[in-house]
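Examination of the molecular architecture
Listed here are the chains, written in short residue letters.
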Amino acid sequence: IFGSIMSVIYTMKLVLPADSLLPDVVRDSLDQAHLVAEQLPAEQGEWLLSIAFASFDSAFIWVVMGVTAMLFVTAGVIYLVNLRSSAAAGSATRH
């Protein structure tokens, strides 16, 4: 699931100039961008790799932030459930 999310974000973040003659396959993955960059002149290849790596880094960061948020929410829910069950157990022993 996270890989698919990263792929979508990578594609969204990879911005190529409108007049770019690069094949659309560079939007598919970092590997594809790397393969295309190997076929380009050095300066163009480095440029393509720099924007591809930046897009990948951005996708990775967004996924890590999403996973972290989900972990915090899960921990909060577990804490609240335990808090309620402890309070219920405490009030049941007083009666």
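This structure is a prediction, so every number in the text was calculated from the model and none was measured.

Our next topic: the confidence of the model for the chain. Confidence in the prediction of the chain, expressed as mean pLDDT, is 90, and 94% of residues score 70 or more. Taken element by element, the chain is modelled with least confidence in helix H3 (residues 42-94), mean pLDDT 90, and with most confidence in helix H2 (residues 30-39), mean pLDDT 94.

Bringing the environment of Lys 13 into the picture now. Considering the arrangement of structural elements, one finds Lys 13 in helix H1 (residues 2-13). In this structure Lys 13 comes out as partly exposed when scored by relative accessible area, which is 39%. Between the C-alpha atoms of Lys 13 and Val 25, which are twelve residues apart in sequence, the distance is 15 Å.

With that settled, consider H1. With twelve residues, H1 should cover 16 Å at 1.5 Å per step; its first-to-last C-alpha distance of 16 Å lies within 8% of that length. Regarding H1, the residues found buried are Met 6, Ile 9 and Tyr 10. One face of H1 carries all of its buried residues, which in axial projection span an arc of 105 degrees. Set apart from the buried face of H1 by more than 90 degrees, the exposed residues are Ser 4, Val 8 and Met 12.

Nonpolar side chains in soluble globular proteins generally cluster together in the buried interior. Counting 17 residues, the largest nonpolar core has Tyr 10, Leu 16, Val 26 and Leu 48 as its most contacted members. Elements that contribute at least two residues to this core include exactly H1, H2 and H3. Here this core takes six residues from H3, the largest share from any one element. Excluding residues within four positions of it along the chain, Tyr 10 makes contact with Val 26, Arg 27, Asp 28, Ser 29, Leu 30, Ala 33, Ala 52, Ser 55, Phe 56 and Ala 59.

So, about the environment of Ser 29. Looking at where Ser 29 falls in the secondary structure, it is placed in the loop between H1 and H2. Only 3.1 Å separates the side chain of Ser 29 from the backbone nitrogen of Gln 32, close enough to count as a polar contact.

Quick notes on the rules
- Here the residue index of a chain counts from 1 through its sequence in written order.
- Two thresholds apply to this predicted model, a pLDDT of at least 70 for residue-level local features and 80 or more for giving and counting side-chain atom pairs, whereas whole-chain, interface and lining totals are computed over all residues.
- Heavy atoms throughout the structure, all of them, feed into the side-chain values; hydrogens and water do not.
- pLDDT: the predictor's confidence for each residue, scored from 0 to 100.
- Labels follow the DSSP assignment, with helices taken as runs of H or I lasting at least four residues and strands as runs of E lasting at least two, numbered in each case from the N terminus.
- Using a 1.4 Å probe on the protein chains alone, a residue whose accessible area is under 20% of its type maximum counts as buried, one over 50% counts as exposed, and one in between counts as partly exposed.
- One fewer than the residue count of a helix, multiplied by 1.5 Å, yields its expected span.
- Note: the arc covers the axis-to-C-beta directions of the helix.
- Side-chain atoms within 4.5 Å are what join buried Ala, Val, Leu, Ile, Met, Phe, Trp, Tyr and Cys residues into a set we call a nonpolar core.
- In what follows, residue pairs with any heavy atoms lying within 4.5 Å of each other are defined as contacts.
- By the criterion applied in these results, polar contacts are pairs of N or O atoms within 3.5 Å in which, for protein atoms, one can donate a hydrogen and the other can accept it, and in which residues neighboring in sequence qualify only through two side-chain atoms.

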